[in-house]
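Working through the structure, step by step
Listed below, chain by chain, are the residues.
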Amino acid sequence: MQSPLFLAAIFTLSLATQPLFGQQAPAPAGQTTPQAQSGARPRHPQTKPVNLKVLPKNIAREDLVKIMRSYAGALGIECNFCHAVNPATHKLDFPSDAKDDKTIARTMIQMTQTINEQYMTQVHDPDAMPEDKHVTCGTCHRGHTMPEHFVLAAEPRHHPSDDDEGAQAPQ
Ligand code: HEC
Ligand code: HEC
């Protein structure tokens, strides 16, 4: 099992090396991909992506599925949280934009890219491990669809010196 951070690093790398994907011959429509991935789902998508608006359009299928699994893992959900079911086939219609969460996810992908490209690249912290160098979906979401609200732990009760300062009202 690869960590979401690792997958996010691949994702970032895949964006940085976009031209590489251009060298791969596109799979003919309808061609089945070997189920190289362990745990591949029966509804594993088989055709070339047709509705990518933020990810590289010529992304390799394996990379796309890895990225999608990393989103699902980071938010603690399955593919159907973002992807709508086609009422006729009862299968997930991956290109469909029917679900709002897919649209939100697009914004989130762009936001994460901007944080990494415009801001994290300016941070030169000698303490940082390679995996600290990027923000991922999991950095905020930590297995939840909505990031948990951070609340400061209650202060220890009897601190005479605090009384003098009197600056912070309890929330
Ligand atoms: C957090 C939301 C989210 C989850 C969970 C998610 N996806 Fe996606 N998926 C997206 C978004 C957003 C796009 C479109 C990206 C773009 O526009 O570049 C997409 C696009 C796709 C596409 C390309 C469809 C096309 O033809 O354009 C496939 C295939 C896909 N996802 C498969 C999956 C699979 C398989 C899973 C579960 C392992 C999954 N997705 C989980 C958000 C999600
Ligand atoms: C900087 C923190 C941060 C990062 C990074 C981040 N998110 Fe979010 N995400 C949020 C916050 C905060 C919300 C709640 C915003 C709201 O609903 O108005 C949210 C909401 C969402 C929702 C809607 C959830 C719901 O239940 O309605 C989806 C889907 C989502 N994020 C997907 C992603 C994906 C996919 C990534 C990685 C590409 C990502 N997010 C990265 C902070 C983040």
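These figures come from a predicted structure and were not determined experimentally.

**Some words on the site of ligand 2**
For ligand 2, the set of nearby residues contains 17 residues, the closest of which are Asp101, Met108, Cys137, Cys140 and His141. In the environment of ligand 2, an oxygen atom lies 3.3 Å from a nitrogen or oxygen atom belonging to the side chain of Asp101. In terms of residues, the shell around ligand 2 owes the most to one element, helix α4 (residues 100-119), which gives 6 residues. Across the shell around ligand 2, the residue classes break down as 12 nonpolar, 4 polar and 1 charged.

**Structural notes on the site of ligand 1**
The full set close to ligand 1 counts 21 residues, and Met68, Cys79, Cys82, His83 and Arg106 are the nearest of them. One of the backbone N or O atoms of Lys53 is found 2.7 Å from an oxygen atom in ligand 1. Elements that contribute at least two residues to the shell around ligand 1 include exactly α3 (61-75) and α4. Residue composition of the shell around ligand 1, grouped by class: 14 nonpolar, 2 polar and 5 charged.

**Some details on the side chain of Arg106**
Along the chain, Arg106 falls in helix α4. What makes Arg106 buried here is its relative accessible area of 13%. Within polar-contact distance, the side chain of Arg106 engages the backbone oxygen of Asn51 at 3.1 Å. Each residue touching Arg106, except ones within four places of it in the same chain, is listed here: Asn51, Lys53, Val54 and Asp97.

**Digging into a nonpolar patch on the surface**
A cluster of nonpolar side chains, Ile104, Met108 and Met111, forms an exposed patch at the surface whose accessible area comes to about 250 Å². Along the chain, Ile104 turns up in helix α4. Residue Ile104 is classed as partly exposed on the basis of its relative accessible area of 44%.

**Quick notes on unusual backbone geometry**
For residues besides glycine, phi is generally negative; the peptide bonds are generally trans as well. In this model, His90 sits at a positive phi of 60 degrees, which is unusual for a non-glycine residue. Relative to the helices and strands, His90 resides in the loop between α3 and α4. On the basis of relative accessible area, His90 is assigned to the exposed category, the value being 64%.

About the thresholds
- Residues numbered from 1 in each chain as written.
- Chains lettered and ligands numbered in written order.
- Predicted model: local features only at pLDDT ≥ 70, side-chain atom pairs only at ≥ 80, totals over all residues.
- Heavy atoms only, no water.
- Near = heavy atom within 4 Å.
- Polar contact = N/O pair within 3.5 Å; in protein donor to acceptor, adjacent residues only side chain to side chain.
- Helix = DSSP H or I, 4+ residues; strand = E, 2+ residues; numbered from the N terminus.
- Nonpolar A, V, L, I, M, F, W, Y, C, P; charged D, E, K, R; others polar.
- Buried < 20%, exposed > 50% of the residue type's maximum accessible area, 1.4 Å probe, protein only.
- Contact = heavy atoms within 4.5 Å.
- Patch = residues over 30% accessible without salt bridge, like charges linked within 9 Å, V, L, I, M, F, W, Y side chains within 5 Å.
- Areas by Shrake-Rupley, 256 points an atom, 1.4 Å probe, with all protein chains shown as cover.
- Salt bridge = Lys/Arg side-chain N within 4 Å of Asp/Glu carboxyl O.

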